[in-house]
Amino acid sequence: MTNNAEQAAEPTSSPRNAEQMIALLRDVFERRGADSYLGEDVTMSQHMLQSAALAAAAGLDDAVVAGALLHDIGHYINDFPESLGATQDRRHQLSGAAILDGWFPQRTVACVRGHVGAKRYLCAIEDGYLHALSDASIESLALQGGPMSPSECDEFAQSEHLEAMLSVRRFDDAGKDPKLQVPTFSAYMPMLEHLVRTQLESPTAATRT
Ligand code: FE
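Residues numbered from 1 in each chain as written. Predicted model: local features only at pLDDT ≥ 70, side-chain atom pairs only at ≥ 80, totals over all residues.

K.L.:
Give a detailed account of the overall build of the chain, specifying residues and quantitative values.
P.N.:
Each helix and strand counted, the chain has 11 helices and zero strands in total. Start at the N end of the chain and walk to the C end: the helices and strands fall as α-α-α-α-α-α-α-α-α-α-α. For the chain, the proportion of its 209 residues judged to be buried stands at 41%. In the chain, of all internal contacts separated by at least 6 residues, the share reaching a separation of at least 24 is 64%. (Helix = DSSP H or I, 4+ residues; strand = E, 2+ residues; numbered from the N terminus. Buried ≥ 20, exposed ≤ 12 C-beta atoms within 10 Å, placed from the backbone. Contact = placed C-beta atoms within 7 Å.)

K.L.:
Now, about the confidence of the model for the chain: what can you tell me, with residues and values included?
P.N.:
Across the chain, the average pLDDT comes to 90, with 89% of residues at or above 70. Confidence over residues 1-7 falls short of pLDDT 50; this stretch has five contacts with residues more than four positions distant or in other chains. (pLDDT = per-residue confidence, 0-100.)

K.L.:
Provide a residue-level description of the packing of helix α4 (residues 62-70) against helix α10 (residues 162-174), including the pertinent values.
P.N.:
Relative orientation of the contacting elements α4 and α10 amounts to 45°, with a least axis distance of 9 Å. As the angle between them shows, α4 and α10 are arranged oblique. Read as a crossing pair, α4 and α10 show a hand that is right-handed. Side by side, α4 and α10 meet where Val64, Gly67 and Ala68 of the first sit next to Ala164, Ser167, Val168 and Phe171 of the second. Considering only residue class, the contact of α4 with α10 consists of five nonpolar, two polar and no charged. (Axes fitted to C-alpha atoms, helices over the stretch in contact; angles between N-to-C directions. Parallel < 35°, antiparallel > 145°, perpendicular 65-115°, else oblique. Left-handed = near helix turned anticlockwise from the far one by under 90°. Nonpolar A, V, L, I, M, F, W, Y, C, P; charged D, E, K, R; others polar.)

K.L.:
Could you give me a rundown of the environment of Ser137, with the residues and numbers involved?
P.N.:
Structurally, Ser137 can be placed in helix α8 (residues 135-143). Classification of Ser137 by C-beta neighbours within 10 Å gives partly exposed; the count is 19.

K.L.:
So what's going on with the environment of Leu166? Which residues, and what values?
P.N.:
With respect to the helices and strands, Leu166 occurs in helix α10. Among the residues examined, Leu166 registers 20 C-beta atoms within 10 Å and is labelled buried.

K.L.:
I'd like a description of the nonpolar core, backed by residues and values.
P.N.:
Grouped together as the largest cluster of nonpolar side chains are 57 residues, with contacts concentrated most on Ala52, Ala55, Val64, Val65 and Ala68. Going through the elements one at a time, α2 (18-32), α3 (44-57), α4, α5 (92-100), α6 (106-125), α10 and α11 (189-201) are the ones with two or more residues in this core. The residues contacting Ala55, other than those within four sequence positions of it, are Leu60, Val64, Val65, Ala68, Ser167, Val168 and Phe171. (Core = buried A, V, L, I, M, F, W, Y, C linked by C-beta atoms within 7 Å.)

K.L.:
Report on unusual backbone geometry, specifying residues and quantitative values.
P.N.:
The phi angle at Leu38 is positive, at roughly 40°, despite the residue not being glycine. Among the structural elements, Leu38 can be located in the loop between α2 and α3. For Leu38, a count of 17 C-beta atoms within 10 Å puts it in the partly exposed group.

This is the structure in structure tokens:
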């Protein structure tokens, strides 16, 4: 265990502050991170950590790096308390957004909520995008509704955080390298705590009781 982890708050079933929320996320990474990533050659934690590292290396802002790091957290909806809106098994992008909503900036939440839509959008508008996807990602595309229709594309293109969502999607697609070594979850904890603290202090923060 690292010093960081030793000093961090213990996970709780009902987070009440930034430290506890980050502890909950860290706990999910630690307990579930070794799960395989949906037919890819990397684990879930390798995948999400690689996505975050690629976002950071590309110079994206912290809210987007956090979106990349947490984009698939909705797969673990049952590891989160009902207080985070995780009461039913929904599509993972919506579950993930529900878990983070009110705790993280809307830009982060939008990246999580939009990462599947971004795939469907890019499949529709970008030549070669679909065929460059992994087999598992092409397989899940059908279940996710396939490439967007022209009217769906028009609507998606109006999204406030479109570029951020598309960026996270590209890091999601690239974060599947079994040989790539990247920083651990602990490396992101100060940044995550800062984002959550700032969000909780903002007038638009959701009420958490
Ligand atoms: Fe992913």
